[in-house]
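In case you want the letters, here they are:
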Amino acid sequence: MNPKYLSLMVAAALSAAAMNANASGYRFGSQSVSGQGTADSNTAEAADASTIFANPAGLSRLEGTQISGGITAVVPHSTYDDEGSKRFANIGSTGGAAHQDDYAPNAVAAPSLYISHKLNDQWAVGFGTFVPYGAKLDYDNNWAGRYALTSIDLKSVTLNPSVSFKLNEQHSFGFGIDAEFMKAKLGQGVDVPGSIMFLGANAATNPAIAVRRAALLQAIVASGGNPAALAAAKDGHATMDGKDWGVGFNLGYMFSLTKDTRFGLSYRSSIHHKLKGDAVWDFSTVTTDPKVNAVLQASSRKTNSPALVDIKTPETLSANVFSQVDDKLAVMADLTWSRHSRMEDLHIQFVGTGEGDEVIRQQWKNTMRASLGMNYKLSDAWLLRAGVAIDESPVDKASLRHPALPDSDRKQISFGANWKVTANSSIDLAYSYLKFDDASSTYQNQCSTLAPAGAASCTGNGETTVGTWRTHMSLVGVAYNYKF
């Protein structure tokens, strides 16, 4: 009956760790406001220093020294309706709130900053920092899916020094180092009432269960506690925080067919993380008898301890094109592949406890994202942008949709503009609307709160989450660009 909390951190991190604004999962939003205005289809444009994120080969197209600093606000709206979530072994409903509509924040925002500098006709360097992913959910502690998750708060930042080399007028190459920091804090309910219910319901027909129930009652009496308090037992609760640095790299290539048309390829590598954290268990309000609570915590084998999961995140590969049709109109497109299939089941280790791993079934599929966009020069001061995109979710089916990642396929429409304030400065504005398909879940945790001790058995609450998430969100971005 060990924690789900770490698994939630891992699942959320992995879903976003493709490190690409085009990635499905817990993508935070746009790492480039100019890109957001075209639904991130302008990867081959190299409009400003944010090309460090999109394709570092684009640095070769930027003159002098350029700075681009922006912020993107994500305004989500999401609801959940439960459709029959069960405790382990289907012994009864989880109860609690069947409808949730205020667990997502009103708005969250992420900054980005990029600096580029052209050294000479062939070499350029740059540095970027941005938020690759993030998540913040705060369900009621008594919601129907509490045994999978009550809260999650993920933060991340990537530092991305880059360099580009222009071989000739047609071929440019880029390389960057990605130093990624992630931090998470999570909460999860512990199904103490379900364990007590199961012991009581099966003691008469199962001798082994009868022995376990008798041992629990005897331990309570021996401690001076009152066994009658078990009748009103409530959930326990766990919280954890964890953090880690990981290092990867990104590559870029641009081929200029003509002065107005170019193609690009960009790649972001897998990043190896060893997430380490500390678990804190709270059984203090399970019953009104502190002695009973202590016995219940001891019998559950839930002790404060380190936790560890070793993961490698999926990589991404993008192909893109940009063409300046005439002096006013430009068109562009991007196709991004994410190798989510490397993420099969997750195994979370509980260091020093002797407990079996927490096993999270994922079996993710590889995904594609396609986007189309355009620029239109309205005047010398104003450039208008627009774009559309479709984005697949790595979650293959409802039975593999864990509450940590209620993700689904999505569609996006974006609008943007660049306002040239002076000869050397401009402001980017962008708005995007994302509509997610309804995300149904029939996910069953295949462990048990009463699993025996030892590495041979897995751990978990054993719940089945049955319900549907409905989500849409808006992204609002603004950035300031300056050329020296």
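In this text the structure is predicted, and so the values were computed from the model without any measurement.

### Observations regarding the packing of aromatic side chains
Under the criterion given, the structure shown has 14 aromatic pairs. With a centroid separation of 4.6 Å and an interplanar angle of 50°, the aromatic rings of Tyr80 and Trp469 are classed as tilted. Here Trp469 lies in strand β21 (residues 464-483) and Tyr80 lies in strand β1 (residues 65-82), a separation of 389 residues in the sequence. Judged by its relative accessible area of 1%, Trp469 falls in the buried class.

### Side note on the environment of Ser318
You can see Ser318 is positioned in strand β12 (residues 316-324). For the pair Ser318 and Ala54, spaced 264 residues apart in sequence, the C-alpha separation works out to 9.2 Å. Side chain to side chain, Ser318 and Thr336 meet in a polar contact 2.6 Å long.

### Remarks on the packing of helix α5 (residues 207-222) against helix α6 (residues 290-300)
One can describe the packing of α5 onto α6 by two numbers: an axis separation of 9 Å at closest approach and a directional angle of 140°. Of the possible angle classes, the one that applies to α5 and α6 is oblique. Regarding α5 and α6, the two cross each other, and that crossing is right-handed. Mapping the contact onto sequence places Leu216, Ala219 and Ile220 in α5 and Val292, Val295, Leu296 and Ser299 in α6.

### Quick notes on helix α4 (residues 192-202)
Along α4, the residues classified as buried are Val192, Pro193, Gly194, Ser195, Ile196, Phe198 and Leu199. Along its buried surface, α4 packs onto β7 (171-190), α5, β8 (236-256) and α6. Residue Asp191 occupies the N-cap position of α4, its side-chain oxygen lying 2.8 Å from the main-chain nitrogen of Gly194.

### Observations regarding the layout of surface pockets
Of the pockets and cavities examined, the largest pocket occupies roughly 920 Å³. Glu45, Ala47, Leu383, Asn418 and Lys483 are, among the 39 residues lining the largest pocket, the residues nearest its centre. Only β1, β12, β16 (367-377), β17 (382-391), β18 (410-420), β19 (425-436) and β21 provide two or more residues apiece to the lining of the largest pocket. Class assignment for the residues of the lining of the largest pocket results in 12 nonpolar, 12 polar and 15 charged.

### Here's the deal with the side chain of Ser116
Summarising the element assignment, Ser116 is placed in strand β3 (residues 108-118). Take Ser116: its relative accessible area is 2%, and that puts it in the buried class. For Ser116, the contacting residues outside a window of four places in its chain are Ala49, Leu59, Leu62, Gly64, Thr65, Gln66, Val125 and Gly126.

### Here we look at the pattern of salt bridges
A side chain with one charge may pair with a side chain of the opposite charge, provided their charged atoms come close. Inspection of every chain in the model, using the stated rule, returns 16 salt bridges. The network of salt bridges with common partners includes Asp81, Asp438 and Arg470.

### Re the environment of Tyr103
Inspection of the secondary structure puts Tyr103 in the loop between β2 (99-100) and β3. With relative accessibility at 3%, the residue Tyr103 sits in the buried group. Once the C-alpha coordinates of Tyr103 and Ala89 are considered, the two residues, 14 residues apart in sequence, prove to be 28 Å apart. Once residues within four sequence positions are removed from consideration, Tyr103 is found in contact with Ser78, Thr79, Tyr80, Lys136, Leu137, Asp138, Tyr139 and Trp469. In this structure the side chain of Tyr103 is engaged in a polar contact, spanning 2.6 Å, whose partner is the side chain of Ser78.

### Observations concerning unusual backbone geometry
Positive phi, close to 60°, is recorded for Ala89, a residue that is not glycine. Structurally, Ala89 is set in the loop between β1 and β2. Phi angles above zero are rare outside glycine, and Arg301 is one such case at about 65°. Within the secondary structure, Arg301 sits in the loop between α6 and β11 (306-312). With relative accessibility at 23%, the residue Arg301 sits in the partly exposed group.

Cut-off values and rules
Residues numbered from 1 in each chain as written. Predicted model: local features only at pLDDT ≥ 70, side-chain atom pairs only at ≥ 80, totals over all residues. Heavy atoms only, no water. Phe/Tyr/Trp six-rings, centres within 6.5 Å; stacked < 30°, edge-to-face > 60°. Helix = DSSP H or I, 4+ residues; strand = E, 2+ residues; numbered from the N terminus. Buried < 20%, exposed > 50% of the residue type's maximum accessible area, 1.4 Å probe, protein only. Polar contact = N/O pair within 3.5 Å; in protein donor to acceptor, adjacent residues only side chain to side chain. Axes fitted to C-alpha atoms, helices over the stretch in contact; angles between N-to-C directions. Parallel < 35°, antiparallel > 145°, perpendicular 65-115°, else oblique. Left-handed = near helix turned anticlockwise from the far one by under 90°. Contact = heavy atoms within 4.5 Å. 1 Å grid on protein atoms, 1.4 Å probe; cavity = no way out; pocket = protein on both sides within 12 Å on 5 of 7 lines; lining within 4 Å. Points joined across faces, edges and corners; volume = space filled by probe spheres on them. Nonpolar A, V, L, I, M, F, W, Y, C, P; charged D, E, K, R; others polar. Salt bridge = Lys/Arg side-chain N within 4 Å of Asp/Glu carboxyl O.

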